[in-house]
Amino acid sequence: MGARKKNAPSFDGFDLATPENNLFGTGTTKARHFTLYSLRHENGDSARLDADIPAKLDLMNPMHHLVEDLNRNRSKRWWIRLGTKDSDTSLSVAGNLSARLTSLGDDVDTAYYWDAGDGADQDPGAFIKWIAEVSG
């Protein structure tokens, strides 16, 4: 495994400088914390997340829609790929997603590209073939 690109906390930066912090900004606030860990590191143990943050997190987390608020209208066919040397995404993310979808009875095609990094696409032809098969 290659070196990780980000230190902890990797997404909710203490200095509010990550793109993810910006994602949680509002019209008048450029960036906000979205974890109690980072928020309290900066503002003390009594700090509380803004009330809208939990709902925004749920919207961006696919597992929320597969576990807590099951989306029965989701796609039932999935193509999931990840490089084993991906230093941006934990290998468990794809594994957990694949396992949950499989447990729901969905058709899941999951593979890891050996020694490939973030954004690897080593079989685009197979992906196009898979699309043709599942779409008829």
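Residues numbered from 1 in each chain as written. Predicted model: local features only at pLDDT ≥ 70, side-chain atom pairs only at ≥ 80, totals over all residues. Heavy atoms only, no water.

Explain the pairing of strand β1 (residues 77–83) to me, please; I cannot follow it from the model alone.
Two faces, one strand: in a regular strand the side chains alternate between the faces of the sheet. The element β1 is largely enclosed, with a buried count of 5 among its 7 residues. In this view, the connection linking β1 to its parallel neighbour strand β2 (residues 107–113) by way of helix α4 (residues 91–103) has right-handed handedness. (Buried < 20%, exposed > 50% of the residue type's maximum accessible area, 1.4 Å probe, protein only. Helix = DSSP H or I, 4+ residues; strand = E, 2+ residues; numbered from the N terminus. Right-handed = clockwise from strand over helix to strand, strands pointing away.)

When you look at the environment of glutamate 42 in this model, what are you seeing that I'm missing?
Positionally, glutamate 42 belongs in helix α2 (residues 36–43). Among the residues examined, glutamate 42 registers a relative accessible area of 39% and is labelled partly exposed. Glutamate 42 has contacts with Phe14 and His33, leaving out every residue within four places of it along the chain. (Contact = heavy atoms within 4.5 Å.)

Please clarify how the pattern of salt bridges should be interpreted in this entry.
Should their charged atoms come close, side chains of opposite charge can pair. For the coordinates displayed, the defined rule picks out 6 salt bridges. The salt bridge partner of aspartate 106 is arginine 74, with a shortest N-O separation of 2.8 Å. Placement of aspartate 106 in the loop between α4 and β2 and of arginine 74 in the loop between α3 (53–60) and β1 is noted, with a sequence separation of 32 residues between them. Arginine 74 matches aspartate 106 in its accessibility class, with the two residues each being buried. Close ionic contact of aspartate 123 with arginine 81 constitutes a salt bridge, the shortest N to O distance being 3.8 Å. Note that aspartate 123 is positioned in the loop between β2 and α5 (124–135) and arginine 81 in strand β1, a separation of 42 residues in sequence. Overall, the relative accessible area of 21% leaves aspartate 123 in the partly exposed class. (Salt bridge = Lys/Arg side-chain N within 4 Å of Asp/Glu carboxyl O.)

The values reported here are purely geometric and, on their own, carry no functional implication.
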